[in-house]
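Chain residues, written in single-letter form:
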Amino acid sequence: MRLNQTVPDTWTIINLLSWTEGYFKSSDIDSPRLTAEILLCHALNIRRLDLYLQFDRPLNKGELATYKSLIKRRVRREPVAYITGTKGFWDSQFLVTPDVLIPRPDTETLVEAAVNLIKNKRVEQEQLNKNYRYKDTIFRNTIRVLELGTGSGAISISIAKEHPDLIFFATDISPKAAMIAKQNSICASMSDSLPLSESLPNKSISISDNTSVSGFTNLFFITASWFSPIKQGTKFDVIVSNPPYISTDDIKTLQQDVRDYEPLLALDGGADGISCLREIMVSAPDYLEPDGVLLMEMGFDQKKKVEHEALKTRQYEQPVFIKDYAGHDRVVYLEKLKRV
């Protein structure tokens, strides 16, 4: 390890962190101190709190070699999440590899919108239960959710943790991504001791055979493109998606961390950036219940284009846009048009 500063005789946790912070600053690495802490925790397999509880602990040659290799990878602009193999999202840690997009805080806006929408639909169904004339017929647990382009599975899994008794299907064109999503679901269902659904909804769902059961008994991952495995006549109450929405020409302007490491398939939204959103908007009404809703993440500057395309389908009510925590339009809420 070399830098224009004094090198200590013994590398302890605290002086190694200070050295790395300076090195990352000189290499223009974002959040240099935090990055140093995360990588050192990963190298030593300890918690961030332990870095300061054991601040004077010396590192042996093997530990230093491991940490040095991580530093080199980050300086080459490899994302921290790919180096450590995990990323925090919503209230869980998810396994990530270069086969899946790294979950981002902006996408929690989509999860929050879906969770709240499902809560409202449950209230409506409970009211139907109370008012329905035949008391032996109930409407509980009939809400069905479909995610398109699941990637790591972070969206579906996060929603399923909030509503573990519903049924979820998630598609992804990448077999490797679907496998990562399944692994994440198994980890989430085991580590959090989540209740699993006792039975599936009383309405059958027709899905192709290319389906993989996850750690939740009510969450299934399908290797396929968008709606292709969903048979005609199958309906969902909620469809969610975080599709690619960066225009092809803008890909080359992205930060090196993203451009050179994250899967292009999950980034490239075509010439105008909304080709995937457009395709989903056109097809989704055929798979939505009469009061069903499509929720999609989009670029912060795509509101006008998305609104225009949604209204052009003549299949949705007036689009509603939901802002992320930075105040940007991030999620479009499209309710299926009510027919008279």
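Residues numbered from 1 in each chain as written. Predicted model: local features only at pLDDT ≥ 70, side-chain atom pairs only at ≥ 80, totals over all residues. Heavy atoms only, no water.

J.: What should I look at first to understand the packing of aromatic side chains in this one?
T.: Pairs of aromatic rings are described using the distance from one ring centre to the other and the angle between the two planes. Counted under the stated rule, the structure contains six aromatic pairs. An angle of 20° between the planes, with centres 6.5 Å apart, marks the rings of Tyr23 and Phe24 as stacked. Using a relative accessible area of 24% as the deciding quantity, one classes Tyr23 as partly exposed. Between Phe169 and Phe220, the ring centres sit 5.0 Å apart and the planes meet at 20°, which makes this aromatic pair stacked. Of this pair, Phe169 sits in strand β4 (residues 167-172) while Phe220 is found in strand β6 (residues 219-223), placing the two residues 51 residues apart along the sequence. An aromatic cluster is present here, built from Trp11, Trp19, Tyr23 and Phe24 joined pairwise through their rings. (Phe/Tyr/Trp six-rings, centres within 6.5 Å; stacked < 30°, edge-to-face > 60°. Buried < 20%, exposed > 50% of the residue type's maximum accessible area, 1.4 Å probe, protein only. Helix = DSSP H or I, 4+ residues; strand = E, 2+ residues; numbered from the N terminus.)

J.: How should the pairing of strand β9 (residues 320-323) be read in this particular structure?
T.: Remark: a regular strand shows side chains that alternate across the two faces of the sheet. In this sheet, strand β10 (residues 329-335) lies alongside β9 in antiparallel orientation, the contact comprising four bridges. Of the residues in β10, the one forming a bridge with Ile322 is Val331. Here β9 folds back onto β10, and the loop between the two strands holds five residues, one of which, Gly327, carries a positive phi near 90°. (Pairing = 2+ DSSP bridges.)

J.: It is not clear to me how the pairing of β4 should be interpreted in this structure. Could you clarify?
T.: Of all the six residues making up β4, six are buried; the element is thus mostly covered by neighbouring parts of the structure. Here β4 shows a buried face lined by Ile167, Phe169 and Thr171 and a second buried face lined by Phe168, Ala170 and Asp172. With five bridges joining them, strand β3 (residues 144-148) and β4 adopt parallel strand pairing. Bridge pairing in β4 links Val145 to Phe168. Between the parallel pair β3 and β4, the chain is carried across by helix α7 (residues 154-162), and the sense of this crossover is right-handed. With five bridges connecting them, β4 and β6 associate as parallel partners. Bridge pairing in β6 places Phe168 opposite Leu219. (Right-handed = clockwise from strand over helix to strand, strands pointing away.)

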